[in-house]
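What the coordinates show
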Amino acid sequence: MNFRPNRILGIVLGAALLALFLAVIGLSIARLGSGPISPGSLIWIAALLLALPLALLVAYRLFGLASARYRVDRDGLYIQWGLVYEQVPIGSIVGMQPASQFAGPQRPAFGFWWPGCLVGRARAAGGQEIEFFATSGEQLMVQTGGERLLAISPPNLQAFQSAFLGATRMGALEIIAERSERPDFLFTRIWSDRVARSLILAGMALPLFALAILVLSAPALPTQIPFGFGPRGEPGPLAPPGRLLLLPLIAGLAWLADLVVGSWFYRKTPDRPLSYALWGAAVVSGTLLGGAALHLLSVAGR
């Protein structure tokens, strides 16, 4: 039997957070592209670099909420939450009680969460690890034989408990293995792949290098510089020097997008060449856009 947690509050608050971080990203890009390069530019660069991963994290949490579900049958308990998957054999579940009767943490102590999206970890007084996959305080604490607690929030606690008791009385049809899949396992596999690691690091380093050169060269730049070239190679229309920062920033955004999409394809071995192609494309775009910014910088300095 399938159960989906109540997700409205978590999605509404998550969408508001995502909109806030996207607004910060848009404002940072606009300010960097419309003014001179100065020490104040570092503030907007820092805001952009901070808001980007936070926006991705919120988007991933929203993806987890959209896909969240619990399933219980005669063989086990299954939890799907984004890229996280838990499979617990029915015989490994030694207890289940409402959180209101549990004398331990009711919220995650570690992890990125907000009301309506309670995802993370905590430790009980006895040292037990509690992993939360819940959306509200109305939770069930599922005790497994591995001395681990799973906090879940089906919409109807009594209906879920009844389904679980019915499944245990009927007995298991087959013995399933205990599985615990996490996205960090995927990142570990990617990092241990030398080709993937080299492409990702190169794609990240190129925009950062161009950005550092532009910031260090800012004091010597005039108030207006050519931005682009005409059909015959002549310098294009003049623009504020901050416009140059957009080129490595666009390359950085392309790298980030390629990193996310490439990581998705990397999960399946036959699709890994697509991952390498995407990460390689980030290196190419970083080279082209960073090189264009540095070339325009050299033209402005003449």
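Read on for an overview of the structure. (Residues numbered from 1 in each chain as written. Predicted model: local features only at pLDDT ≥ 70, side-chain atom pairs only at ≥ 80, totals over all residues. Heavy atoms only, no water.)

Turning our eyes to something else, we now look at the overall build of the protein chain. Helices and strands together make up the secondary structure of the protein chain, namely seven helices and twelve strands. What you see for the protein chain is a C-alpha radius of gyration of 25 Å, clearly larger than the 19 Å of a compact globule of 302 residues, by over 25%. When its C-alpha atoms are laid out on the principal axes, the protein chain stretches across 85 × 40 × 35 Å. Out of the 302 residues in the protein chain, the part that is buried amounts to 42%. Across the protein chain, the fraction of contacts at a sequence separation of at least 24, relative to all contacts at a separation of at least 6, is 60%. Carbon together with sulfur atoms contributes 66% to the accessible area of the protein chain, which is approximately 15300 Å² in total. Side chains of the protein chain carry 23 positive and 15 negative charges; the gap between the two charge centres is 7 Å. (Helix = DSSP H or I, 4+ residues; strand = E, 2+ residues; numbered from the N terminus. Rg over C-alpha atoms; globule rule 2.2 N^0.38 Å. Buried < 20%, exposed > 50% of the residue type's maximum accessible area, 1.4 Å probe, protein only. Contact = heavy atoms within 4.5 Å. Areas by Shrake-Rupley, 256 points an atom, 1.4 Å probe, with all protein chains shown as cover. Lys, Arg positive; Asp, Glu negative; His and termini not counted. Charge placed at Lys NZ, Arg CZ, Asp CG, Glu CD.)

Direction vectors running N to C along helix H5 (residues 194–217) and helix H6 (residues 246–266) enclose 165°, while the axes themselves pass 9 Å from each other. Between H5 and H6, the angle falls in the class roughly antiparallel. When you trace H5 past H6, the crossing you get is left-handed. Contacts between H5 and H6 involve Ile200, Gly203, Met204, Pro207, Ala210, Leu211 and Leu214 on the former and, on the latter, Pro248, Leu249, Ala251, Gly252, Trp255 and Leu259. A class-by-class count of the residues in the contact of H5 with H6 yields eleven nonpolar, two polar and no charged. (Axes fitted to C-alpha atoms, helices over the stretch in contact; angles between N-to-C directions. Parallel < 35°, antiparallel > 145°, perpendicular 65-115°, else oblique. Left-handed = near helix turned anticlockwise from the far one by under 90°. Nonpolar A, V, L, I, M, F, W, Y, C, P; charged D, E, K, R; others polar.)

Spatially, the five strands line up as an open sheet ordered E1-E2-E3-E4-E10, and their pairing is antiparallel. Bordering the open sheet on either side are strand E1 (2–3) and strand E10 (179–181), each of which pairs with just one other strand. With four bridges connecting them, strand E2 (residues 69–72) and strand E3 (residues 76–81) associate as antiparallel partners. Across the sheet, arginine 69 pairs through a bridge with glutamine 80, a residue of E3. With respect to the sheet, helix H3 (residues 157–170) is in contact with E1, E2 and E3, its orientation differing from that of E2 by roughly 35°. (Pairing = 2+ DSSP bridges.)

Before going further, it helps to examine the pairing of E2. The side-chain alternation of E2 yields one buried face, formed by Tyr70 and Val72, and one unburied face, formed by Arg69 and Arg71. Across two bridges, the pairing between E1 and E2 is antiparallel. Bridge pairing in E2 places phenylalanine 3 opposite tyrosine 70. Counting the residues that bridge the hairpin from E2 to E3 gives three residues.

Attention now goes to the sheet that holds strand E6 (residues 118–123). Sheet architecture is open: five strands sit in the order E5-E8-E9-E7-E6, paired in mixed fashion. With partners counted over all chains shown, the strands left at the sheet margins are strand E5 (93–98) and E6, one partner each. For this sheet, the mean angle separating the axes of adjacent strands, direction not counted, is 20°. Both strand E8 (residues 140–144) and strand E9 (residues 148–152) contribute to a ladder of four bridges, which runs antiparallel. Along E9, the bridge assignment pairs leucine 140 with isoleucine 152. Contacts from H3 reach E5, E8 and E9 within the one sheet, and its direction differs from that of E5 by about 160°.

Our next topic: the nonpolar core. Note on soluble globular proteins: their nonpolar side chains tend to be buried together. If you look at the biggest cluster of nonpolar residues, it comprises 56 residues, and the most contacted ones within it are Tyr70, Trp81, Val142, Ile152, Phe160 and Ile190. Ranked by residue count, the leading element in this core is helix H2 (residues 39–67), at eight residues. (Core = buried A, V, L, I, M, F, W, Y, C linked by side-chain atoms within 4.5 Å.)

A few words now on the pattern of salt bridges. Under the defined criterion, the tally for this structure stands at six salt bridges. For aspartate 73, the salt bridge goes to arginine 71, with nearest N and O atoms at 2.9 Å. Taking the relative accessible area as the measure of exposure, arginine 71 reaches 27% and is therefore partly exposed. In this structure, the salt-bridge partner of arginine 121 is glutamate 129, at a minimum N-O distance of 3.5 Å. For glutamate 129, a relative accessible area of 24% gives the class partly exposed. Via salt bridges that share partners, Glu86, Arg121, Glu129, Glu131 and Arg148 belong to a single interconnected network. (Salt bridge = Lys/Arg side-chain N within 4 Å of Asp/Glu carboxyl O.)

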